[in-house]
Amino acid sequence: MSARRTALALVLAAAALALTGCAPTVSLDPAADANNPGCAEISVRLPDSVADKDRRQTDAQATGAWGDPAAVLLRCGVPPIGPTTKPCVDVSGVDWVLMSDPAAKQVVYQTFGRTPATEVVIDHVSGASDAAVLPEFASAISSIKQTQKCLSTLDTTLTPPTPTPSPTPTR
């Protein structure tokens, strides 16, 4: 009987040790439109790792987290933004608008021209870089049809106004 108790104690101790090595669930708030079917399309396509950081469990619908501590967070279903003067960059066919100060410790990007819109928060303190993170989401985000494209001043042309002819003076 004591051999059985010893074996059970070893199994319980091993299970407890295994559980303490797991990263806890990341607590996030779902976005307003997280139940949009497009968010389900994105969620099933999210990568297992981003910028060499493993994916973690989250407690909110249409969200994702990578790294321990979390270095990259994703929320699908945020309100789409309209035309903006904020910086916009095309990364692997996805337009991302920089919503925060680029020098901040955490930067926020949001997709442009896709509904539902998706937000990604990158913690620069963790060593994650925008260039390593944003391309990882191209496949998932591209499952949502793009209806608008970011434009820069180089994409537009200014046509000088046509001069109005002066009336001919009569004599």
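Residues numbered from 1 in each chain as written. Predicted model: local features only at pLDDT ≥ 70, side-chain atom pairs only at ≥ 80, totals over all residues. Heavy atoms only, no water.

1. Some words on the pairing of strand β8 (residues 117-123)
Most of β8 is tucked away, with seven of its seven residues classed as buried. Burial of the side chains of β8 extends over both faces: A117, E119, V121 and D123 are buried on one face and T118, V120 and I122 on the other. Of the strand pairs in this sheet, strand β4 (residues 72-78) and β8 are connected by six bridges, and their pairing is antiparallel. For V78, the partnering residue across the bridge sits in β8 and is A117. In terms of strand pairing, strand β7 (residues 106-111) meets β8 through five bridges, oriented antiparallel. Looking at the pairing, V107 lines up with I122 of β8. Hairpin remark: β7 followed by β8, antiparallel, with five residues in the connecting loop; positive phi at G113, about 85°. (Buried < 20%, exposed > 50% of the residue type's maximum accessible area, 1.4 Å probe, protein only. Helix = DSSP H or I, 4+ residues; strand = E, 2+ residues; numbered from the N terminus. Pairing = 2+ DSSP bridges.)

2. What to know about the pattern of salt bridges
Within the structure shown, the criterion is met by five salt bridges. Between R75 and E119 there is a salt bridge whose closest N-O contact spans 3.1 Å. Placement of R75 in strand β4 and of E119 in strand β8 is noted, with a sequence separation of 44 residues between them. Residue classification places R75 among the partly exposed positions, given a relative accessible area of 23%. A residue is classified by how much of its surface remains accessible, and E119, at 18% relative accessible area, is buried. The closest approach of N and O atoms between K149 and D95, which form a salt bridge, is 3.3 Å. Of the two residues, K149 is situated in the segment after α4 (138-141) and D95 in strand β6 (residues 94-98); the sequence distance between them amounts to 54 residues. (Salt bridge = Lys/Arg side-chain N within 4 Å of Asp/Glu carboxyl O.)

3. Examining the sheet that holds β4
Reading across the sheet, the eight strands line up as β1-β2-β3-β4-β8-β7-β6-β5 and stay open at both edges, with antiparallel pairing between neighbours. Only two strands of the sheet have a single neighbouring strand rather than two, namely β1 (49-50) and β5 (88-91). Bridging between β1 and strand β2 (residues 53-56) involves two bridges; their strand directions are antiparallel. Bridge pairing in β2 places S49 opposite D54.

4. As for the side chain of T118
Note that T118 resides in strand β8. Residue classification places T118 among the buried positions, given a relative accessible area of 1%. Every residue in contact with T118, bar those within four places of it in the chain, is listed here: I42, L74, R75, C76, V78, W96, Y109, Q110, T111 and I141. (Contact = heavy atoms within 4.5 Å.)

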